[in-house]
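For reference, the chains in residue letters:
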Amino acid sequence: MILDSRASRREALEKCQQLLVPQYEAALIQSALAADDVTRVKAEQQADQIGARMKQIDEQIAKLELALPAGTGLSDPGRDCARVDALLERDLHHIDFKQLRQWIRALLDAELDPARAGLVMIQRSSERNGRLCAKCVEEILRAATREGKFRHFPVHLGTGDHADVGAVLRGLAGHLDPTLGLQVPAQVGLVTAALCRSLQARNVVLIEIGCCEYLLGDPEAVQWMVAAFWRQLLADLALAAPKLHGTVTIVALLLFGGTVPEAALAAVDCCRVDDFRPERLLEIELTTWNYSDVLNWLTYWGLPDGHPPEQIELLARTILDVTQGDPMRIAHELLYRCAAL
């Protein structure tokens, strides 16, 4: 019987990972139930240490999955295609979105207010890989807080929601309390208040609203998102946050498949990254990807350690040549060419 060394190492690492899970959960539960601050802090530190070890093992597994066979020996039959595909897709969001990453980090680092919030609009999402951008935002926010403190409220609009801003509220109500299904505008305050009542200290919340282009049949839809929904949410948050004895962060992401008409934005208060105002709409423009973006991703995420630099550079140039920097096409080429090694 020939030993599959890759599978054996993977199994050993995964078993180690599984053994750490109950220890991690126990530490989290102890921190939540602690009767005093000293016990709570000690339990949180223990959870952090175990979590760091779990992350380290996860990175070891990822390295193992991407590694090419050391030789022609039968002890290593090579990479598992399905596992490699899943790993590459999982890490694809690291490629770009620099401006958005910088803004989120600045928001999370702000110490002036216990409540941090931002309403972000992404246009041309369909051609600039907005779904991947949303994944990037989710991963950054998830990593910024403890296990169980991140909350994700995705709302995906469809053709039946044409020109119906109430669909946004119904989608959020489904995550909070389905009995909130009242008519607009009375529902706005009910939904935002319910969301704020559900918050705990150190919560980081992502409200992700996809396919917002369906709302544009209503010429005042974008203005409503800012003036009615967002500002009501900020008002409720200002009342709730001081009672939580800890920071709370809310990011709402509006993804528009195409370009938003100028008329839809004319009456909306907007802001820029270098002059951010929480009560205003912040547009982050997604750009095409360049050679440096592709090369860095291939080096750090897409290819095995020790891959020849000249081959990495050739692959990066080739992908740029065939895609012309188009994010959707680059994503496809990266997954296809890295998995095919």
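Remember, it's a predicted structure, so these values are computed and weren't measured experimentally.

Criteria and cut-off values
- Residues numbered from 1 in each chain as written.
- Predicted model: local features only at pLDDT ≥ 70, side-chain atom pairs only at ≥ 80, totals over all residues.
- Heavy atoms only, no water.
- Phe/Tyr/Trp six-rings, centres within 6.5 Å; stacked < 30°, edge-to-face > 60°.
- Helix = DSSP H or I, 4+ residues; strand = E, 2+ residues; numbered from the N terminus.
- Buried < 20%, exposed > 50% of the residue type's maximum accessible area, 1.4 Å probe, protein only.
- Disulfide = S-S within 2.5 Å.
- Axes fitted to C-alpha atoms, helices over the stretch in contact; angles between N-to-C directions.
- Parallel < 35°, antiparallel > 145°, perpendicular 65-115°, else oblique.
- Left-handed = near helix turned anticlockwise from the far one by under 90°.
- Contact = heavy atoms within 4.5 Å.
- Nonpolar A, V, L, I, M, F, W, Y, C, P; charged D, E, K, R; others polar.
- Arc of directions from axis to C-beta.
- Expected span 1.5 Å × (residues − 1).
- Bend = angle between axes of the 7 residues up to and from the residue.
- Pairing = 2+ DSSP bridges.
- Salt bridge = Lys/Arg side-chain N within 4 Å of Asp/Glu carboxyl O.

## Quick look at the packing of aromatic side chains
For any pair of aromatic rings, the description consists of the separation of the ring centres together with the inter-plane angle of the planes. According to the stated counting rule, one finds three aromatic pairs in the structure shown. Taking 6.1 Å as the distance between ring centres and 80 degrees as the angle between the ring planes, the aromatic pair formed by Phe 97 and Trp 289 counts as edge-to-face. Of the two residues, Phe 97 is situated in the loop between helix 3 (81-91) and helix 4 (98-109) and Trp 289 in the loop between strand 6 (281-283) and helix 10 (291-302); the sequence distance between them amounts to 192 residues. On the basis of relative accessibility, which here comes to 4%, the residue Phe 97 falls in the buried class. For Trp 289, a relative accessible area of 2% corresponds to the buried category.

## Structural notes on the state of the cysteines
Applying the stated criterion across every chain yields a total of zero disulfides. In this structure Cys 211 is not part of a disulfide, and its nearest cysteine sulfur, from Cys 212, lies 8.0 Å away. Cys 270 takes part in no disulfide bond, and the closest cysteine sulfur, belonging to Cys 271, lies 7.5 Å away. Cys 270 gets classed as partly exposed once you look at its relative accessible area, which sits at 37%.

## With respect to the packing of helix 10 against helix 11 (residues 309-323)
Between helix 10 and helix 11, the shortest axis-to-axis distance is 9 Å and the interhelical angle comes to 135 degrees. With respect to their mutual orientation, helix 10 and helix 11 come out oblique. The way helix 10 lies across helix 11 gives a crossing that is right-handed. Contact residues: helix 10 offers Tyr 291, Val 294, Leu 295, Leu 298 and Thr 299, while helix 11 offers Ile 312, Glu 313, Leu 315, Ala 316, Arg 317, Ile 319 and Leu 320. Partitioned by chemical class, the residues of the contact of helix 10 with helix 11 number nine nonpolar, one polar and two charged.

## Focus on helix 3
Looking only at helix 3, the buried set comprises Val 84, Leu 87, Leu 88 and Asp 91. With its buried residues spanning 95 degrees around the axis, helix 3 presents them on a single face. In this structure, helix 3 carries Ala 82 and Glu 89 as exposed residues pointing more than 90 degrees from its buried face. In this structure, the buried residues of helix 3 make contact with helix 2 (37-66), helix 10 and helix 12 (327-339).

## Considering helix 8 (residues 221-240)
Taking 1.5 Å per residue, 20 residues should reach 28 Å; helix 8 reaches 27 Å between its end C-alpha atoms and fits that length. Roughly 30 degrees is the biggest bend found in helix 8, and it falls at Trp 230.

## Some words on the pairing of strand 1 (residues 115-122)
In terms of burial, strand 1 is a largely internal element, eight of the eight residues being buried. Every second residue of strand 1 is oriented toward a common face, with Ala 115, Ala 117, Leu 119 and Met 121 on one face and Arg 116, Gly 118, Val 120 and Ile 122 on the other, all of them buried. Of the strand pairs in this sheet, strand 1 and strand 4 (residues 248-255) are connected by eight bridges, and their pairing is parallel. In the strand pairing of strand 4, Arg 116 is matched with Thr 249. Relative to strand 6, strand 1 is paired through three bridges, and the arrangement is parallel. Each bridged residue has a counterpart across the sheet, and for Val 120 the counterpart in strand 6 is Leu 282.

## A short note on the environment of Glu 213
Relative to the assigned elements, Glu 213 resides in the loop between strand 3 (204-210) and helix 8. Between the alpha carbons of Glu 213 and Val 260 there is a distance of 7.7 Å; along the sequence they are 47 residues apart. Beyond its immediate chain neighbours, meaning those up to four positions away, Glu 213 contacts Leu 255, Phe 256 and Gly 257.

## Some words on unusual backbone geometry
Residues other than glycine seldom take positive phi values, yet Arg 202 does so here, at roughly 70 degrees. Within the element layout of this structure, Arg 202 appears in the loop between helix 7 (186-197) and strand 3. In this structure, His 245 is a non-glycine residue whose phi angle is positive, near 55 degrees. Its location among the elements puts His 245 in the loop between helix 8 and strand 4. Judged by its relative accessible area of 73%, His 245 falls in the exposed class.

## Things to note about the pattern of salt bridges
Within the structure shown, the criterion is met by 18 salt bridges. Between Asp 269 and Arg 231 there is a salt bridge whose closest N-O contact spans 2.9 Å. Residue Asp 269 is found in the loop between helix 9 (262-266) and strand 5 (270-271), and its partner Arg 231 is found in helix 8; the two are separated by 38 residues along the sequence. On the accessibility criterion, Asp 269 (36% relative accessible area) is partly exposed. Exposure remark for Arg 231: the relative accessible area of 28% places this residue in the partly exposed category. Residue Asp 274 pairs with Arg 272 through a salt bridge whose shortest N-O separation is 2.9 Å. Residues participating in the shared-partner salt-bridge network are Arg 40, Glu 44 and Arg 202.

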